[in-house]
Amino acid sequence: MKFLFDLFPVILFFLAFKLYDIFIATAVAIVAAIAQIGWLWFRRRQIDKMMWVNLAIIVIFGGATLISQDETFIKWKPTVLYWLIAAVLLGAHAIFKKNLIQAMLEKQMALPSFVWSKLNLSWAGFFSIMGCINLYVAFSFPLDTWVSFKLFGATGLMLVFVIGQVMMLGKYLQEASAVVKENIVGSEQTGQKKENENKVSKES
């Protein structure tokens, strides 16, 4: 459900383009992004920072498209967002020594530090490449193809990448689980040993 909610503005953009044109679709996407933020604020009074960033980018680039009646600006919007995410992931790690992917997922899984670094780098690389792919499709193919790619192509590539990440992490998650089990068993054995020693000392 959350996945569809996140795609809400893109789905409406696609439908509006099919029914009308790129400019109506851009206006619909802007309104949908604002409505999405408003709904989340009404429900939980808390909005993810990335959603604010996405809203700002779509308002700026979408607004420029509507004012200039030039579709070039809205075509650049996904690339700017992708590259900004990649820059934040790499910048936080290089400058502040903070792994943002680890900060988001470490409560759900335990991984070695080098795996977290690899994961952070792979996501930054993915978004960098996605930005390039968007520009290639946007300026090498008809507008209709690009709009379809925004909904189906980009979403499909994201799903493939996530599945690949899960497969890669499976090995490390199994190893981490084995280590946790060994620690639990070791703790239980140590506790049992101490308990037996205490009994012996009391009896003597």
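Below you will find a few notes about this structure. Quantities reported herein were computed from a predicted structural model and do not represent experimental measurements.

What counts, and where the lines are drawn
- Residues numbered from 1 in each chain as written.
- Predicted model: local features only at pLDDT ≥ 70, side-chain atom pairs only at ≥ 80, totals over all residues.
- Heavy atoms only, no water.
- Patch = residues over 30% accessible without salt bridge, like charges linked within 9 Å, V, L, I, M, F, W, Y side chains within 5 Å.
- Areas by Shrake-Rupley, 256 points an atom, 1.4 Å probe, with all protein chains shown as cover.
- Salt bridge = Lys/Arg side-chain N within 4 Å of Asp/Glu carboxyl O.
- Helix = DSSP H or I, 4+ residues; strand = E, 2+ residues; numbered from the N terminus.
- Core = buried A, V, L, I, M, F, W, Y, C linked by side-chain atoms within 4.5 Å.
- Buried < 20%, exposed > 50% of the residue type's maximum accessible area, 1.4 Å probe, protein only.
- Contact = heavy atoms within 4.5 Å.
- Expected span 1.5 Å × (residues − 1).
- Bend = angle between axes of the 7 residues up to and from the residue.
- Axes fitted to C-alpha atoms, helices over the stretch in contact; angles between N-to-C directions.
- Parallel < 35°, antiparallel > 145°, perpendicular 65-115°, else oblique.
- Left-handed = near helix turned anticlockwise from the far one by under 90°.
- Nonpolar A, V, L, I, M, F, W, Y, C, P; charged D, E, K, R; others polar.

1. Digging into a nonpolar patch on the surface
Step number 1: Nonpolar side chains collect at one region of the surface, where Leu19, Tyr20 and Ile24 lie side by side and expose about 360 Å² of accessible area between them.
Step number 2: Within the secondary structure layout, Tyr20 lies in the loop between helix H2 (8-19) and helix H3 (22-44).

2. Brief notes about the nonpolar core
Step number 1: Phe13, Ile22, Trp123, Phe127, Trp146 and Val147 are the most contacted members of the largest nonpolar core, which totals 45 residues.
Step number 2: Elements with a minimum of two residues in this core: H2, H3, helix H4 (49-68), helix H5 (72-95), helix H7 (113-140) and helix H8 (143-203).
Step number 3: For this core, the element with the highest residue contribution is H7, accounting for 10 residues.
Step number 4: Excluding residues that lie within four positions of it along the chain, Trp146 makes contacts with Phe13, Ile22, Ile74, Lys75, Pro78, Asn134, Val137 and Ala138.

3. Topic: H5
Step number 1: Over its 24 residues, H5 extends 33 Å from the first C-alpha to the last, a length consistent with the 34 Å expected when each residue adds 1.5 Å.
Step number 2: Largest kink in H5: about 25°, centred on Pro78.
Step number 3: Of the residues making up H5, those classed as buried are Ile74, Lys75, Lys77, Pro78, Thr79, Leu81, Tyr82, Ile85, Ala86, Leu89, Gly91 and Ala92.

4. Looking at unusual backbone geometry
The general pattern is negative phi for most residues beyond glycine and trans for most peptide bonds.
Step number 1: The phi torsion at Gln69 lies on the positive side, around 55°, for a residue other than glycine.
Step number 2: In this structure, Gln69 sits in the loop between H4 and H5.
Step number 3: Here Gln69 falls in the partly exposed class, since its relative accessible area comes to 48%.

5. Considerations on the side chain of Lys75
Step number 1: Position of Lys75 relative to the elements: it lies in helix H5.
Step number 2: With a relative accessible area of 7%, Lys75 lands in the buried category.
Step number 3: Sequence-distant contacts of Lys75, defined by excluding residues within four places in its chain, comprise Asn134, Ala138, Phe139, Leu143 and Trp146.

6. Structural notes on the side chain of Lys77
Step number 1: Within the secondary structure, Lys77 sits in helix H5.
Step number 2: Here Lys77 falls in the buried class, since its relative accessible area comes to 9%.
Step number 3: Beyond its immediate sequence surroundings of up to four residues, Lys77 is in contact with Asn54, Ile57, Ile58 and Phe61.

7. As for the environment of Ala86
Step number 1: Tracing the chain through its elements places Ala86 in helix H5.
Step number 2: Taking relative accessible area as the criterion, Ala86 reaches 2% and is therefore assigned buried.
Step number 3: With 43 residues separating them along the chain, Ala86 and Ile129 place their C-alpha atoms 9.5 Å apart.
Step number 4: Sequence-distant contacts of Ala86, defined by excluding residues within four places in its chain, comprise Ala124, Phe127 and Ser128.

8. Regarding the packing of H5 against H7
Step number 1: Axis separation between H5 and H7 bottoms out at 9 Å; the angle between their running directions is 165°. Put simply, H5 runs roughly antiparallel to H7. Along this stretch, H5 crosses H7, giving a crossing that reads as left-handed.
Step number 2: A breakdown of the residues in the contact of H5 with H7 according to their chemical character gives 17 nonpolar, eight polar and one charged.

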